[in-house]
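# Working through the structure, step by step
These are the residues of each chain, in order.
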Amino acid sequence: MEKSPRLPHTFTIAFYNTENLFDIYNDRSKHDRDYLPNSERRWTKKRYQNKLDKIGLAISKIGLAETGNLPSIIGLAEVENGKVIRDLLETSYLKNTPYSFVHFNSKDERGMDVALIYNNTDFTVTHSEIYAIQFERPEGGDDFTRDILLVTGMLKGETISVLVNHWSSRREGTQLSEVKRLQASEKVSEIIKDIQTKQTDAKIIIMGDFNDDPHCKSITQLTENNNVFNPMNTLQSYNRGSLVHQRKWYLFDQIMFTLPFFESRENHLEFDSANIFDADFLKEYKGRYRGTPFRTYAGEKHKGGYSDHFPVYMMLKK
């Protein structure tokens, strides 16, 4: 793939919920039976490869117009395991960029994890760990959702920390499930405070699919209690967001950061802009869902698209 020369000192940080990026093999430790060749969804090798190619293409275009190059760091949600990430990085759109990744298996019962891929010429990982989010089931016993992934490293010589999140869904109802997202929000606050006790001016990026909009309590308590800025606040409207549910737009996918990213100092990373990557090729192009994310499945029906979410991204300049 031909690349334009990178514009001076500008870097893309992105997040993408990939919509059930599962391989075609049965893992008895996970609920992945819907994503097998003999399942009702007929998740074949051909469909899997098409999905990988489409996600690879989408990632390769995020921020390309602004920087002339592929993203430096991309957080991912809904990946099954390390194999699917390796397969993704082998697609023609990504294989010529020196990407590495960080991934841990979580205890999420569906087997969906978060991960971080990064250009190792831009970013060097110095530390990574996961934080489990654990709940009590009403009938007793423990329930787990996706872990929070913390990756710290050097981005062009400057220390940054990235927290990748995928908070509990609204499947059981917005209000009933809110307590789980509030608990995840409190855990992120703890992690931020822990990082800041070691470095008061720490540059921390919080990204993910939060299953809440920027105005929701789980997000506002996170930003207000930790001096975190959310540039996504102004991006959502009645006809724009990162996903659609029942014909309504939501902006569950967000990237936030601590205030030191606003400091304008020579040779320091500084926030430039943020946006939803909703290019036309990622959208349904006809019919009643025209303009919404071109997804892989609608129920059991294979549509062969990218994801039911648009990626989001921010630009840093140095």
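On a predicted model such as this, the values are computed, not experimentally measured, just so you know.

Attention shifts here to the confidence of the model for the protein chain. With 94% of its residues at a pLDDT of 70 or more, the protein chain has an overall mean of 92. Low pLDDT, under 50, characterises residues 1-6; the predicted model gives this stretch 20 contacts beyond four residues in sequence or across chains.

The geometry of helix α1 (residues 45-61) relative to helix α3 (residues 82-89) is characterised by a closest axis approach of 9 Å and an angle of 65° between their N-to-C directions. As for the relative orientation of α1 and α3, their crossing is right-handed in sense. The segment α1 lies against α3, with Tyr 48, Leu 52, Ile 55, Gly 56 and Ile 59 engaging Lys 83, Val 84, Asp 87 and Leu 88.

Taken together, the six strands give an open sheet; going across it, the order is β3-β4-β2-β1-β18-β15, and neighbouring strands pair in mixed fashion. Two strands close off the open sheet at either side, each with one partner strand: β3 (99-103) and β15 (270-276). The mean inter-strand angle of the sheet, taken between neighbouring strand axes irrespective of direction, is 20°. Bridging between β3 and strand β4 (residues 113-119) involves five bridges; their strand directions are antiparallel. Within β4, the residue paired with Val 102 across the bridge is Leu 116. On top of the sheet, α1 reaches β1 (10-21), β2 (73-79) and β4; it is set at about 160° to β1, its chief contact. Along the sheet, α3 contacts β1, β2, β3 and β4; its crossing angle with β3, the most-contacted strand, is approximately 165°.

Another aspect to go through is the pattern of salt bridges. In this structure the tally under the stated criterion is 14 salt bridges. Between Glu 158 and Lys 203 there is a salt bridge; the shortest N-O distance is 2.6 Å. Linking Glu 158 in strand β9 (residues 158-166) with Lys 203 in the loop between α4 (174-198) and β10 (204-209), this pair joins segments that are 45 residues apart in sequence. Here Glu 158 matches Lys 203 in class, with each residue buried. In this structure, Arg 181 engages Asp 212 in a salt bridge whose closest nitrogen and oxygen atoms are separated by 2.9 Å. With Arg 181 in helix α4 and Asp 212 in the loop between β10 and α5 (217-226), this residue pair connects regions lying 31 residues apart in the sequence. Three or more residues are tied together by salt bridges with common partners; here these are Arg 170, Arg 181 and Asp 212.

Take the environment of Leu 163 next. Mapping Leu 163 onto the fold places it in strand β9. Spatially, the C-alpha atoms of Leu 163 and Phe 257 are 9.8 Å apart, while their sequence positions differ by 94 residues. Ignoring any residue separated from it by four or fewer positions in sequence, one finds Leu 163 in contact with Ile 148, Leu 149, Leu 150, Val 188, Ile 191, Ile 192, Ile 204, Ile 205, Ile 206 and Met 207.

Relative to the helices and strands, Asn 239 resides in the loop between β11 (228-229) and β12 (243-245). Looking at Asn 239, the relative accessible area reads 46%, which means it is partly exposed. Sequence-wise, Asn 239 and Tyr 131 are 108 residues apart; in three dimensions their C-alpha atoms are separated by 35 Å. A distance of 2.8 Å separates a polar atom in the side chain of Asn 239 from a polar atom in the side chain of Ser 237.

Reading the values: rules and limits
- Chains are numbered independently. Their residues run from 1 in the order of the written sequence.
- Totals for whole chains, interfaces and linings use all residues, but because this is a predicted model, local features are given only for residues with pLDDT of at least 70 and pairs of side-chain atoms are given and counted only at 80 or more.
- Only hydrogens and water are set aside; all other atoms, that is, all heavy atoms of the structure, feed into the side-chain values.
- One number per residue, pLDDT, summarises how confident the predictor is, and it ranges from 0 to 100.
- We call two residues in contact when some of their heavy atoms are within 4.5 Å.
- Only C-alpha atoms enter the line fits that serve as axes; for helices the fit covers just the stretch in contact. Angles between N-to-C directions range over 0 to 180 degrees.
- Every helix listed is a DSSP run of H or I at least four residues long, and every strand listed is a run of E at least two residues long, numbered separately from the N terminus.
- Crossings are assigned a handedness: left-handed for a near helix turned anticlockwise from the far helix by less than a right angle, right-handed for a clockwise turn.
- DSSP calls a pair of strands paired once it identifies at least 2 bridges connecting them.
- Salt bridges are counted wherever a side-chain nitrogen of Lys or Arg sits within 4 Å of a carboxyl oxygen of Asp or Glu.
- Only protein chains enter the calculation, and the probe is 1.4 Å; a residue is then buried if its accessible area is under 20% of its type maximum, exposed if over 50%, and partly exposed in between.
- We define a polar contact as two N or O atoms separated by no more than 3.5 Å, with the added condition that, inside protein, one atom must be a possible hydrogen donor and the other a possible acceptor, whereas residues neighbouring each other in sequence contribute only through side-chain atom pairs.

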